[in-house]
Amino acid sequence: QPTEECATTDTAVLFPTDSLMVGFELVPPNTRESDAARTANLVRTVEHTLTKARHPFTFVDADMLAASTITNRTLVHGTLHIRTVILPGVSTLPTATARQLAAFKLAGGRVLAVGDRPVNSTRLFPDAEIYHLGATWTFISEKHTARLAEAISRP
């Protein structure tokens, strides 16, 4: 029987659609950066940092993470196998995704929140459950994103 080829990637970056929608606001020119613009900048910074370090990654969405299964410290979705999930600027996360990421971490996977920890669900702002789940994930501040590749490569 032919077997499917495994598209293992060590790292997946969540594209923070829910955080971008929540953080969108019109701000006058020459004033502070909107939350959505800050989140978009964090996504670009993470992408640039990983690319510069030649660390392979793939973008994923929250629904895909929630629909994944957990096997041997790995999130599995079809032929995709993930060992580290990076959440750049993620302030808002669907509850099912947050619960899946918490189970993934408990199973030995790695979840890295960059710049923000999730505090909102898509229904509650803030959401105590999301806050508590997100508090258990490794946090990397905006100022230290250059250390991201190093944090990923640690055992």
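Residues numbered from 1 in each chain as written. Predicted model: local features only at pLDDT ≥ 70, side-chain atom pairs only at ≥ 80, totals over all residues. Heavy atoms only, no water.

Chemist: Before we move on, can you summarise the side chain of Asp127 with the specific residues and values?
Modeler: One can find Asp127 in the loop between strand E6 (110–114) and helix H5 (128–134). Sequence-distant contacts of Asp127, that is, excluding residues within four places in its chain, are made with Thr95, Val119, Asn120 and Ser121. (Helix = DSSP H or I, 4+ residues; strand = E, 2+ residues; numbered from the N terminus. Contact = heavy atoms within 4.5 Å.)

Chemist: For the pattern of salt bridges, give the residues involved together with the corresponding values.
Modeler: For the coordinates displayed, the defined rule picks out 4 salt bridges. A salt bridge links Arg83 to Asp10; the shortest N-O distance between them is 2.9 Å. In this pair, Arg83 sits in strand E5 (residues 80–88) while Asp10 sits in strand E1 (residues 7–14), placing the two residues 73 residues apart along the sequence. Linking Asp116 and Arg38 is a salt bridge whose minimum nitrogen-to-oxygen distance equals 2.7 Å. Pair noted here: Asp116 is in the loop between E6 and H5 and Arg38 is in helix H2 (residues 35–52), with a separation of 78 residues, a long-range link. Within the structure, one salt-bridge network assembled from shared partners comprises Arg38, Asp116 and Glu142. (Salt bridge = Lys/Arg side-chain N within 4 Å of Asp/Glu carboxyl O.)

Chemist: Talk me through H2; I want residue IDs and the actual numbers.
Modeler: Helical periodicity: at 3.6 residues per turn, an α-helix aligns residues three or four positions apart in one direction. Compared with an ideal rise of 1.5 Å per residue, which puts 18 residues at 26 Å, H2 spans 26 Å between its outermost C-alpha atoms and is within 8% of the ideal. Those residues of H2 not exposed but buried are Ala36, Arg38, Thr39, Leu42, Val43, Val46, Thr49 and Leu50. Viewed along the axis of H2, the buried residues span an arc of 165°, placing them on a single side of the element. Across H2 from its buried face, at more than 90 degrees, point the exposed residues His48 and Lys52. Once H2 ends, the next one or two residues include Arg54, with phi positive near 55°. (Expected span 1.5 Å × (residues − 1). Buried < 20%, exposed > 50% of the residue type's maximum accessible area, 1.4 Å probe, protein only. Arc of directions from axis to C-beta.)

Chemist: Any details on the side chain of Ser121? Residues and values, ideally.
Modeler: By secondary structure assignment, the location of Ser121 is in the loop between E6 and H5. The exposure class assigned to Ser121 is buried, which follows from its relative accessible area of 2%. A distance of 2.9 Å separates the side chain of Ser121 from the side chain of Asp127, its partner in a polar contact. Among all residues touching Ser121, those that are not within four sequence positions of it are Thr92, Leu93, Thr95, Asp127 and Ile130. (Polar contact = N/O pair within 3.5 Å; in protein donor to acceptor, adjacent residues only side chain to side chain.)

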